[in-house]
Amino acid sequence: MTGDSDRILIEKCLKRIPVLKGLSDSHASQIIRDFNILRIKKGDVVFYQSDKSTDLYIVINGSVRASLLNQEGDEFILATFGNGDFFGEMSLIDGRPRSATIIAAEDSLLGVLRRERFLDAIKNDPMIAIELLSALIQRMRVTDETVESLAFLDVSQRLVKLLLQIAKTEGEKDKDGFFRVKKLTHRELAAHTGASREAISKSLKALAFRKIVLEGEGCFLISPDADST
Ligand code: CMP
């Protein structure tokens, strides 16, 4: 059941979603009625890779990650979705099993839309399909960049690239120009870079020796020269 306060949240959120923001008022109110709400806790799995389901999900509040997992439980993170992002569009479009596992990165609120309802929305408003294509192309560009890193950069270079990306969005600079980034576990760094935990430990030691990445109290300190690594 979706309550009034949830609907207000969905309405606010829909207005921020590029794929749906072009909807006319009447189509927007229709689609808002069609959403169900799912509350999930950090670590919960929304669905697993290979599951057969076709709903579309929208992150109303919180964040989830799309990951590939192997038999040993090692994780490779394909993407992280935050407020206003959607996921689950691949199985919705081609009807094949889920391409990745979705795990809550924090306690989150998701909107869930049945495939038929989304297809109705596209029929009513074909601009949604164009916006969706544009979002998919953007994801493909990011994936190409990830493949490029995996193909051409070694683990230390991938680590530095990841830490610099985090630094640029949420890092602070200290008085010596070092970026301060919240510490991630070796497991998390491995999941982000497609490396083993052993390779991460080795690379962090080598980077610390070269004074490129230092481990501080609860944070990594990244040298202003890291860019040229
Ligand atoms: P679907 O295959 O239905 O379920 C898993 C979802 O993870 C998928 O839809 C996309 O929403 C998302 N996903 C899978 N691969 C990628 C990727 N390379 N980049 C971004 N998102 C992805």
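Look a little higher up for the structure.
Residues numbered from 1 in each chain as written. Predicted model: local features only at pLDDT ≥ 70, side-chain atom pairs only at ≥ 80, totals over all residues. Heavy atoms only, no water.

Trainee: I'd like a description of the nonpolar core, backed by residues and values.
Mentor: Within the largest apolar cluster, 25 residues are counted, with the highest numbers of intra-cluster contacts made by Leu14, Val19, Leu20, Ile31, Ile58, Phe118 and Ile128. Looking at this core, the elements with two or more residues in it are α1 (4-16), α2 (25-34), β3 (56-61), β8 (108-113), α4 (115-124) and α5 (127-152). Sequence-distant contacts of Val19, that is, excluding residues within four places in its chain, are made with Phe86, Phe118, Ile128, Glu131, Leu132 and Ala135. If you look at the next biggest cluster of nonpolar residues, it comprises 22 residues, including Leu159, Ile166, Val213 and Phe220. (Core = buried A, V, L, I, M, F, W, Y, C linked by side-chain atoms within 4.5 Å. Buried < 20%, exposed > 50% of the residue type's maximum accessible area, 1.4 Å probe, protein only. Helix = DSSP H or I, 4+ residues; strand = E, 2+ residues; numbered from the N terminus. Contact = heavy atoms within 4.5 Å.)

Trainee: Account for the site of the ligand, naming residues and giving values.
Mentor: Close to the ligand lie 16 residues, the nearest being Gly88, Glu89, Ser91, Arg98 and Ser99. At a separation of 2.9 Å, an oxygen atom of the ligand approaches a polar backbone atom of Ser91. One of the side-chain N or O atoms of Ser99 is found 2.7 Å from an oxygen atom in the ligand. Protein chains bury 92% of the 460 Å² of accessible surface belonging to the ligand in isolation. Secondary structure elements with two or more residues in the shell around the ligand: β5 (75-81), α3 (89-94) and α5. Class assignment for the residues of the shell around the ligand results in 9 nonpolar, 4 polar and 3 charged. (Near = heavy atom within 4 Å. Polar contact = N/O pair within 3.5 Å; in protein donor to acceptor, adjacent residues only side chain to side chain. Areas by Shrake-Rupley, 256 points an atom, 1.4 Å probe, with all protein chains shown as cover. Nonpolar A, V, L, I, M, F, W, Y, C, P; charged D, E, K, R; others polar.)

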